[in-house]
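# A closer look at the structure
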Amino acid sequence: MSKSLPYSTRDVNYDNAKFRQRSLFKVISQTLLTNNLKRGFISCSMGKFLALLLIFGVSYLILTNSGLVHPASDRLTKRIMTDGEDKVNMNGTGSVRKFWRRAPRLPPRLSPDEKGDNHKSSKDSADSNWIARQQKVKEAFIHAWSGYEKFAMDYDELMPVSQRGVDGLGGLGATVVDALDTAMIMGADEVVSKAGSWIEKHLADRISQKGQVNLFETTIRVLGGLLSAYHLSGGEQGLNSMQKGPKPAVYLETAKNLADRLLSAFTSSPTSIPFADVILRDASAHPAPDGLSSTSEVSTLQLEFNYLSTISGNTNYSIEGMKVLAHLKTLPKVEGLVPIYISPHSGEFSGDNIRLGSRGDSYYEYLIKVWLQMRAHEGSNVTYLHDMYEEAMKGVRHLLVRKSIPNGLVFVGELPYGSNGAFSPKMDHLVCFLPGTLALGATKGTTKEKAMKENLLTFEDLENLKLAEDLAKTCFEMYSVTSTGLAPEIAYFHTEEFSEGGLDGGNKSSEFVNDIIIKRADRHNLLRPETVESLFFLYRITEDPKYREWGWQIFEAFEKFTRVDSGGYSSLDDVTVIPPHKRDKMETFFLGETLKYLYLLFGDSSVIPLDKYVFNTEAHPLPIQGLV
């Protein structure tokens, strides 16, 4: 017990003594002995005689009083005392009982130290519960990896039901690289050792021999994974120089080899907008078959290329990546919102389709994240990125945010024909990245409490934070409204202008069963991370435990319906029926993102702090230079 506190054990014992029951004799004798008249009164024989007479007299009254009370009268007295009224019963005994009635015994008081210990015990119990849940996520990761290792090692992805591998991302062993930093964060040393060894032995050859890959997917999954592994294994005095696996330099050299080939997408294009596809073996690039690039894809490369420039000393990576954002700044927008296609030939947007789902999503995410990454760099002028982000979020609130009926879920819809066309109440699960991004943009990674205390939040920040919390609830309800407790790939919302019957999620007990419409073609679940990503960001920033609880419910649903006993987890065909049919595919992002965000959500907030790291769109944490 701390001795520095003024409130001591002696004080506690004194306070507790005040509430101990005392006998009648002690009451009278202690009263007399402590009275101011004590000295003069007891000093004479007459005083002693009168004192004894008083004691015997009072004792006699008490003893005789108990025998005079009539049973009926006693019951009346009890009723009166129970009613809490100061009344005298018919034979006058009520007043005597009232006079001698003891004060209620109060519970002992605790010292501040003991109170703190109790609070600490309660907190320790809660922490222990979340540590146990975090361990469950780690076990799920090990199970997912074991299925991949047994049946699909060397391939990009696992087909867990068929127990075989498939190359859908260029044949670079994407699951190995995507999962590596998750294993490092979890302390899954055996996985780190095996994945690191595979990268050291095989990946460089794969890069030099393979054919076509998508610039965006390869950058966020493979390049991002290598760069994060470099830092987490101790590169540039990163987190853990004792990490299992190869030396950090292996990850850096492999990343440079890959990035040098990916740069051809930038240098081959006639504009600042890179081509979509790269042929790795001859470092050449070409546009997608329709000639267009996705807006989100060309604007979601900069975190990775900027960090590579920082650790390699080669500024070309950053220069090429940042040219894209500088060019996008000059293009016309609709209240900060942009169409989902852009031409690398003309450098102009193509079409009018505006949405924050596929092909549009991470454009908005990287505006704020690249600003956070670069703002501390000496000589960097990236204020325009924050301005573009703020303008875009105003546009989202004005043009895309609506409420469902009958229960008012806040959602983000689409403008498939631009701002002059009809509004669509369609929301991809991909849009559920937005609550986390809004929260991050509002507080810049610090907690809401700290930001409020230091007066760091503007009115705009507060509006964005409120929208973040509203949208996070909607994203969670997209899970809880279904029979499986897992969200569909796409949901529509019941509005005054749009309604379709018979297309609910199957959970009739959900309060929002009539708000959310799930069309038959959209009922699949791909093990996506966006909702748990936002729950992670919102828990870190608001410290509200409900986001952890929601994350745990989602994890339990994954465990119940997507786990494959032989190893791995499978996407589902239809989340509205039980049992759901397994789709036979485990995406790399289930290990790289979904399980990583759940693990971090249930863990200590000091691990990968949001004010010192940015997560790329594939959940690979990259340090903010100068802060880590």
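All values reported here derive from a predicted model rather than from experimental measurement.

### Quick word on the overall build of the chain
Helix and strand counts for the chain stand at 23 helices and 15 strands. Scored against the burial criterion, the 628 residues of the chain give a buried share of 53%. With the model as given, the accessible surface of the chain reaches about 28500 Å², and the carbon-plus-sulfur share is 52%.

### Brief notes about the packing of helix α18 (residues 434-443) against helix α20 (residues 459-480)
In a pair of packed helices, the angle between the axes and the distance between the axes together describe the arrangement. Two numbers describe how α18 lies on α20: the axes approach to 8 Å, and their chain directions differ by 155°. In terms of orientation, α18 lies roughly antiparallel with respect to α20. By crossing handedness, the relation of α18 to α20 is classed as left-handed. For the pair α18 and α20, the contacting residues are Leu-434, Pro-435, Leu-438, Ala-439, Gly-441 and Ala-442 in the first and Asp-461, Asn-464, Leu-465, Leu-467, Ala-468, Leu-471, Ala-472 and Cys-475 in the second. Tallied by class, residues from the contact of α18 with α20 come to 11 nonpolar, 2 polar and 1 charged.

### Let's talk about the state of the cysteines
Applying the stated criterion across every chain yields a total of 1 disulfide. Residue Cys-432 pairs covalently with Cys-475 via a disulfide, S to S 2.1 Å. The sign of the S-S torsion, about -100°, decides the handedness of the disulfide formed by Cys-432 and Cys-475: left-handed. Of the two residues, Cys-432 is situated in the loop between β11 (426-428) and α18 and Cys-475 in helix α20; the sequence distance between them amounts to 43 residues.

### Some remarks on unusual backbone geometry
Cis geometry marks the peptide bond from Ile-405 to Pro-406; its omega dihedral reads 10°. Along the chain, the position of Pro-406 falls in the loop between β9 (401-403) and β10 (410-412). Cis geometry marks the peptide bond from Ile-578 to Pro-579; its omega dihedral reads -5°. Its place among the elements puts Pro-579 in the loop between α22 (546-561) and α23 (588-601). Backbone geometry places Asp-154, a non-glycine residue, at a positive phi of 90°. Inspection of the secondary structure assignment puts Asp-154 in the loop between α7 (112-151) and β1 (157-159). Residue Asp-154 is classed as partly exposed on the basis of its relative accessible area, which comes to 33%.

### With respect to the side chain of Asn-616
Its location among the elements puts Asn-616 in the loop between β14 (613-615) and β15 (621-623). Only 3.1 Å separates the side chain of Asn-616 from the backbone oxygen of Ile-220, close enough to count as a polar contact. Within the structure, the side chain of Asn-616 is placed 2.9 Å from the backbone nitrogen of Glu-618, a separation counted as a polar contact. In this structure, Asn-616 is in contact with Ile-220, Gly-224, Leu-303, Glu-304, Glu-365, Tyr-366, Lys-369 and Tyr-597, ignoring residues within four places of it in sequence.

### A short note on the UniProt feature "binding site: Ca(2+)" (unreviewed entry) in the chain
In the numbering used here, UniProt assigns the "binding site: Ca(2+)" (unreviewed entry) feature to Thr-617. Position of Thr-617 among the secondary structure elements: in the loop between β14 and β15. In this structure Thr-617 comes out as buried when scored by relative accessible area, which is 16%. Contact partners of Thr-617, with chain neighbours within four places excluded, come to Phe-216, Ile-220, Thr-300, Ser-362, Glu-365, Tyr-366 and Glu-593. Separated by 2.9 Å, the side chains of Thr-617 and Glu-365 make a polar contact.

### A short note on the pattern of salt bridges
Taken as a whole and assessed by the stated rule, the structure comprises 24 salt bridges. Here Glu-489 and Arg-528 are joined by a salt bridge, their closest N and O atoms 2.9 Å apart. Residue Glu-489 is located in the loop between α20 and β12 (490-493), and its partner Arg-528 is located in the loop between β13 (516-517) and α21 (530-542); the two are separated by 39 residues in the primary sequence. On the accessibility criterion, Glu-489 (13% relative accessible area) is buried. Here Arg-528 falls in the buried class, since its relative accessible area comes to 16%. In this structure, a network of salt bridges that share partners links the residues Glu-149, Glu-190 and Lys-194.

### Things to note about helix α10 (residues 215-232)
The terminal C-alpha atoms of α10, which comprises 18 residues, lie 24 Å apart, in line with the 26 Å expected from a rise of 1.5 Å per residue. By the largest-angle criterion, Gly-224 marks the main kink of α10, which is about 30°. Across the 18 residues that make up α10, a large majority, 17, are buried. Where α10 begins, the capping side chain belongs to Asn-214, and its oxygen is found 3.0 Å from the backbone nitrogen of Phe-216.

### Observations concerning the sheet that holds strand β8 (residues 349-350)
Sheets are built from strands paired through backbone hydrogen bonds, the pairs being either parallel or antiparallel. If you trace the 3 strands from one edge of the open sheet to the other, you get β6-β7-β8, paired in antiparallel fashion. The open sheet is flanked by β6 (293-294) and β8, the only strands paired with a single partner. In the sheet, strand β7 (residues 341-342) pairs with β8 via 2 bridges, with the strands oriented antiparallel. Paired with Tyr-341 across the two strands is Ser-350, which belongs to β8.

### Topic: the packing of aromatic side chains
Throughout the structure, instances matching the rule amount to 20 aromatic pairs. Here Phe-476 and Trp-550 contribute two aromatic rings whose centre-to-centre distance is 4.7 Å and whose plane-to-plane angle is 5°, an arrangement assigned as stacked. Taken together, the residues span a long stretch of sequence, with Phe-476 in helix α20 and Trp-550 in helix α22 at a distance of 74 residues. As far as the burial class goes, Phe-476 and Trp-550 line up, both buried. With a centroid separation of 5.1 Å and an interplanar angle of 45°, the aromatic rings of Tyr-569 and Phe-590 are classed as tilted. With Tyr-569 in the loop between α22 and α23 and Phe-590 in helix α23, the pair connects residues that are 21 residues apart, well separated along the chain. Here Tyr-569 matches Phe-590 in class, with each residue buried. Feature note: the residues Trp-130, Trp-552, Phe-555 and Phe-602 constitute an aromatic cluster, connected by ring pairs.

### Let's talk about the environment of Leu-601
Inspection of the secondary structure puts Leu-601 in helix α23. When the C-alpha positions of Leu-601 and Glu-533 are compared, they lie 8.6 Å apart, and in sequence the two are 68 residues distant. For Leu-601, the residues in contact, after removing those within four places along its chain, are Leu-535, Phe-536, Tyr-539, Tyr-547, Arg-548 and Gly-551.

### Concerning empty space enclosed by the protein
Under the counting rule described, the total for this entry stands at 3 cavities of 30 Å³ or more. Along its surface, the largest cavity is lined by Asn-214, Leu-215, Phe-216, Pro-274, Phe-275, Ala-276, Ser-293, Glu-297 and Val-298. Secondary-structure elements contributing two or more residues to the lining of the largest cavity are α10 and α13 (295-298). Looking at the lining of the largest cavity, its residues break down into 6 nonpolar, 2 polar and 1 charged.

Parameters at a glance
Residues numbered from 1 in each chain as written. Predicted model: local features only at pLDDT ≥ 70, side-chain atom pairs only at ≥ 80, totals over all residues. Heavy atoms only, no water. Helix = DSSP H or I, 4+ residues; strand = E, 2+ residues; numbered from the N terminus. Buried < 20%, exposed > 50% of the residue type's maximum accessible area, 1.4 Å probe, protein only. Areas by Shrake-Rupley, 256 points an atom, 1.4 Å probe, with all protein chains shown as cover. Axes fitted to C-alpha atoms, helices over the stretch in contact; angles between N-to-C directions. Parallel < 35°, antiparallel > 145°, perpendicular 65-115°, else oblique. Left-handed = near helix turned anticlockwise from the far one by under 90°. Contact = heavy atoms within 4.5 Å. Nonpolar A, V, L, I, M, F, W, Y, C, P; charged D, E, K, R; others polar. Disulfide = S-S within 2.5 Å. Polar contact = N/O pair within 3.5 Å; in protein donor to acceptor, adjacent residues only side chain to side chain. UniProt positions renumbered as here; feature names shortened; annotations may be inferred. Salt bridge = Lys/Arg side-chain N within 4 Å of Asp/Glu carboxyl O. Expected span 1.5 Å × (residues − 1). Bend = angle between axes of the 7 residues up to and from the residue. Pairing = 2+ DSSP bridges. Phe/Tyr/Trp six-rings, centres within 6.5 Å; stacked < 30°, edge-to-face > 60°. 1 Å grid on protein atoms, 1.4 Å probe; cavity = no way out; pocket = protein on both sides within 12 Å on 5 of 7 lines; lining within 4 Å. Points joined across faces, edges and corners; volume = space filled by probe spheres on them.

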